[in-house]
Amino acid sequence: MKMIVAIIRPERLEAVQEALAKHEICLMTASDVRGCGRQRGFKENFRGSEGVIRLLSKVKLEIAVNENFVQPAIKSIIEAAQSGKIGDGKIFVLPLEECYRIRTGETGSVAIGP
Amino acid sequence: MKLLSRLPEYDGGRLTFSARLSRLGVRLRDPEWRKYGMTLMLGKMLGLAILLLGILAFSLWLKSGHAYADPTPATPAVTQPATTQAAVPATPAPLTGTDIINPLNTVWTLIAAFLVFGMQVGFTMLEAGFCRSRETVNVLVECVFDTCLCGFLYYAWGYAFMFGAGNGFIGWHDPTANADGSFTSWFFLAGVKATSTYAATGVPVLAHWLFQFAFADCASTICSGTMIGRTAFWGDILYSVCVSGFIYPILGHWCWGPDGFLYTMGTPSTDGTWRFLSGMGMNFHDFAGSTVVHSIGGWIALAGGIWLGPRLGRKFKRDGGGPMLPHDLTIAVCGGLLLWFGWYGFNPGSTLSAMDYGGIGRVAANTTLAACTAGMAAVFVMYFRVGKWDAGSITNGFLAGLVAITCPCYWVSPAGACALGAIAGVIVIFAADLLEHLRIDDPVGAWPVHGVCGIWGTLSLGLFASGEYAAAGSSNTGIPAIDASNPALTGLFYGGGITVLKAQIIGSLIICGSTFVVAMTMFGVLNALKLLRISHDGELEGMDLHEHGISAYPEYVISALAAPHGMPRDTVNYTPPVLASEKVAGVVLK
């Protein structure tokens, strides 16, 4: 079991979801996040004064998958989220110790779901 | 560089003010620098002299405008009775009719003008609410800029084009001749005298100008609704100049100008000048501007939407998508209601006469009823289709009813207003469907509401005109009497035949067609010059950040602007924190 954490451009969310659905990966948590990488944020202007906002809007996806889904998931996220420019985001793959489904109490790879 | 290197403060161009001063001191001691300085000063002085000459010429020109306007200075005895009155305390002369009527009508017109100006708030809120938050600042700035620009252009030449007399296609001078038979030009409103009133209304020209400016501003703001989220700001400025400076005033002149060819059509002229369709026996009627304001705005909007193309990522219904979601329905619906409120200036104010009290009462009631039935019709159509009581549909629904009643409001009965409003509410939903089918992105629905229902409202007069109210519209002295010289306007459903309907169809067709052709050309040229649409990267970044440098809700992002900034870290008394891991390793981070 792995936890895939992907940080992507907000406008690519739908494309990534579609690509993942092709590999039957439909369960995920998505959140609006702010972060910075090499893009280094943007500037805001108000009545002539300038403020640097060192954070950019991104979408964070957290997807728990079984081992045989890890490579397809990563591949489809990269394919769908890549624009080739700075700011495309990152994917982190973490080991996942345990997983419970609250409704049934199932554990392990069954609980992760389809 | 040799000179500069003498200064210890020089660090590659970035100097403090005091360093600049001392640099100036060094330079002034050097003859070569002094020569440069003198040359520079000479250039600046030349520029200043040219500027001063320009200002002088401009003020002289303004003065000459007034001299032209007022060729025979009024004798003090006529205009300035104050001194004589002080000397001889006589009883004041009894008030005559116009002493009461004109001020009353002027106050009414101005109240209406203020209400119509309030519609700008409504438009701005409606558009801001219906767009995404990433393009909200753009909507706000655009609407305000349009207003400012329109005000100036309407003063400079728009009003002269529209309400000046000239020929059937364009105007430029006061319709009332001066004493010596000459006409005063209205460009820059230079010839307007203290006592100038607009034609027979008795309303001062400047009050009439303000009222009509508010109308022109509505037309120009309507266009921006369809073009939200992808129009570059320079493109917006340029098309606004065309719309509020040329398209709206010139086409408006055709319908509302004192000698516009649609206004005078249908009757043979008495002085042998050309008249449009002089044998038809009916002229084109547009009481408050279903065609003039709303159709013109709506059809320009459609042309803009076609040339711009949809916003990035907009998928249409037939491609498995739908409209992009609005970001604040509270603002949008309240903006719509504010527009409704402003419409009480738009329609009843178009009588330009408070003396026609029957007229303003009827117009206000009709306006309300059409909006009520239209809102209900639209929301029910949507409910029967999708099973939800849709907020966007009811808002655009009642707006469609208001647009439709704008043209016929004076000549229909309350029952007719209810009927034509309800039909407008249905039409607007299907017009929006058509737009979706044609893959044209219209974030606020400006074309379905203003373009299509503007046409419907104009035509509906030919069907619903009830045959009880004077065809010539309101009078500035009272409720106009119906007689042979001023017949009533009767539509098809009230036994009047198709004469009115025919005139309305011809007028609407000519105005909408010309608007669309001119607007397509204008946007085509702007598009070819690459000024119309924002760059791809700019659109991805969002209109607000790219064009205006700020998001609409900057506090909602983790923002440097929200914090008390301009407070540098205390570097003198600062010791960096020592992390637990660093303590173990015995390393302190500098």
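Residues numbered from 1 in each chain as written. Chains lettered and ligands numbered in written order. Predicted model: local features only at pLDDT ≥ 70, side-chain atom pairs only at ≥ 80, totals over all residues.

Please clarify how the overall build of chain B should be interpreted in this entry.
Counting its secondary structure elements, chain B contains 18 helices and four strands. For chain B, buried positions account for 45% of its 590 residues. (Helix = DSSP H or I, 4+ residues; strand = E, 2+ residues; numbered from the N terminus. Buried ≥ 20, exposed ≤ 12 C-beta atoms within 10 Å, placed from the backbone.)

Could you clarify how one ought to interpret the overall build of chain A in this entry?
When helices and strands are tallied, chain A shows three helices and six strands. Listing each helix as α and each strand as β along chain A from the N terminus yields β-α-β-β-β-β-α-β-α. Burial analysis of chain A (114 residues in total) assigns 19% to the buried set. Here the analysis covers contacts within chain A between residues at least 6 apart in sequence; of these, 71% occur between residues at least 24 apart. (Contact = placed C-beta atoms within 7 Å.)

I would appreciate a short explanation of the environment of B:Leu140 in the present structure.
All names here are of chain B. As for its placement among the helices and strands, Leu 140 is situated in helix H6 (residues 136–163). With 17 residues separating them along the chain, Leu 140 and Phe 123 place their C-alpha atoms 9.8 Å apart. Discounting residues that sit within four places of it in the chain, Leu 140 has contacts with Thr 124 and Ala 128.

Looking at this structure, how should I read the packing of helix H7 (residues 205–226) of chain B against helix H14 (residues 446–464) of chain B?
In a pair of packed helices, the angle between the axes and the distance between the axes together describe the arrangement. All names here are of chain B. Direction vectors running N to C along H7 and H14 enclose 135°, while the axes themselves pass 9 Å from each other. It follows that H7 is oblique to H14 by the angle criterion. Counted together, Ile 222, Gly 225 and Thr 226 of H7 and Ala 446, Trp 447 and His 450 of H14 form the full contact between these two elements. Of the residues that constitute the contact of H7 with H14, the class distribution is three nonpolar, three polar and no charged. (Axes fitted to C-alpha atoms, helices over the stretch in contact; angles between N-to-C directions. Parallel < 35°, antiparallel > 145°, perpendicular 65-115°, else oblique. Nonpolar A, V, L, I, M, F, W, Y, C, P; charged D, E, K, R; others polar.)

Please clarify how the nonpolar core should be interpreted in this entry.
If you look at soluble globular proteins, the nonpolar side chains tend to sit buried side by side. Core analysis: the biggest nonpolar cluster contains 141 residues, and B:Val116, B:Ile296, B:Ala400, B:Ala424, B:Val428 and B:Cys453 have the highest contact counts within it. Top contributing element to this core by residue count: H7(B), with 13 residues. Discounting residues that sit within four places of it in the chain, B:Ala424 has contacts with B:Ala374, B:Ala400, B:Gly401, B:Ala404, B:Cys453, B:Trp456 and B:Gly457. Among the nonpolar cores identified, the runner-up in size contains 16 residues, and A:Ala6, A:Ile8, A:Ala81 and A:Ile112 belong to it. (Core = buried A, V, L, I, M, F, W, Y, C linked by C-beta atoms within 7 Å.)

Whenever I open this one, the sheet that holds strand E5 (residues 56–65) of chain A confuses me. Can you help?
The pairing of strands in a sheet happens through backbone hydrogen bonds and is either parallel or antiparallel. Residues and elements named next belong to chain A. The sheet built from four strands is open, its strands ordered E2-E5-E1-E6 with antiparallel pairing. The two strands at the open ends of the sheet, each matched to only one other strand, are strand E2 (29–35) and strand E6 (89–95). On average, each strand axis in the sheet is tilted by 20° relative to the strand beside it, whichever way the strands run. Set on the sheet, helix H2 (residues 67–81) makes contact with strand E1 (2–8), E5 and E6; between it and E1 the angle comes to about 5°. (Pairing = 2+ DSSP bridges.)

So what exactly am I meant to see when it comes to helix H15 (residues 499–528) of chain B here?
For H15(B), spanning 30 residues, the distance from its first C-alpha to its last is 43 Å, which sits close to the expected 44 Å at 1.5 Å a residue. Directly beyond the C-terminal end of H15(B), a positive phi value near 60° is found at B:Lys530. (Expected span 1.5 Å × (residues − 1).)

How do you make sense of the confidence of the model for chain B when you look at a structure like this?
The predicted coordinates ought not to be read in detail in places where the model reports low pLDDT. Residues and elements named next belong to chain B. Confidence in the prediction for chain B averages 86 pLDDT; 86% of positions are at 70 or higher. When the criterion is pLDDT under 50, residues 67–86 qualifies, and its contacts beyond four places in sequence or with other chains add up to eleven contacts. Scored below 50 in pLDDT, residues 559–566 shows 14 contacts in the model against residues more than four places distant or in partner chains. Here the predicted complex scores 0.79 on pTM and 0.70 on ipTM. (pLDDT = per-residue confidence, 0-100.)

Mind showing me how you'd approach the pairing of E5(A) here?
In the case of a regular strand, side chains alternate between the two sheet surfaces. Residues and elements named next belong to chain A. Bridge count for E1 against E5 is seven bridges, and the pairing is antiparallel. Among the inter-strand pairings, Lys 2 is bridged to a residue of E5, identified as Val 65. Pairing of E2 with E5 involves seven bridges; the strand directions are antiparallel. By the bridge assignment, Gly 35 is partnered in E5 with Leu 56.

Even after reading the chapter, I still don't get H7(B), so can you show me in this structure?
An α-helical turn contains 3.6 residues, so any two residues separated by three or four positions project in the same direction. The end-to-end C-alpha distance of H7(B), which contains 22 residues, comes to 33 Å, matching closely the 32 Å that a straight helix rising 1.5 Å per residue would cover. Counting buried positions over the 22 residues of H7(B) gives 21, a clear majority of the element.

What is the right way to look at unusual backbone geometry in this model?
Keep in mind that most residues, glycine aside, have a negative phi and that most peptide bonds are trans. Residue and element names in this part refer to chain B. Phi angles above zero are rare outside glycine, and Phe 188 is one such case at about 55°. Along the chain, Phe 188 turns up in the loop between strand E2 (171–173) and H7. Its 15 C-beta neighbours within 10 Å are what place Phe 188 among the partly exposed residues. One non-glycine residue, Leu 277, adopts positive backbone phi at about 45°.

Just checking my understanding: could you explain the domain arrangement of chain B for this structure?
The accessible area lost on association of the parts is a frequent measure of interface size. Considered domain by domain, chain B is made up of domain 1 (4–69) and domain 2 (104–176 + 198–543). Put simply, the middle of domain 1 of chain B and the middle of domain 2 of chain B, counted by C-alpha atoms, are 50 Å apart. (Domains from an automatic or database assignment.)

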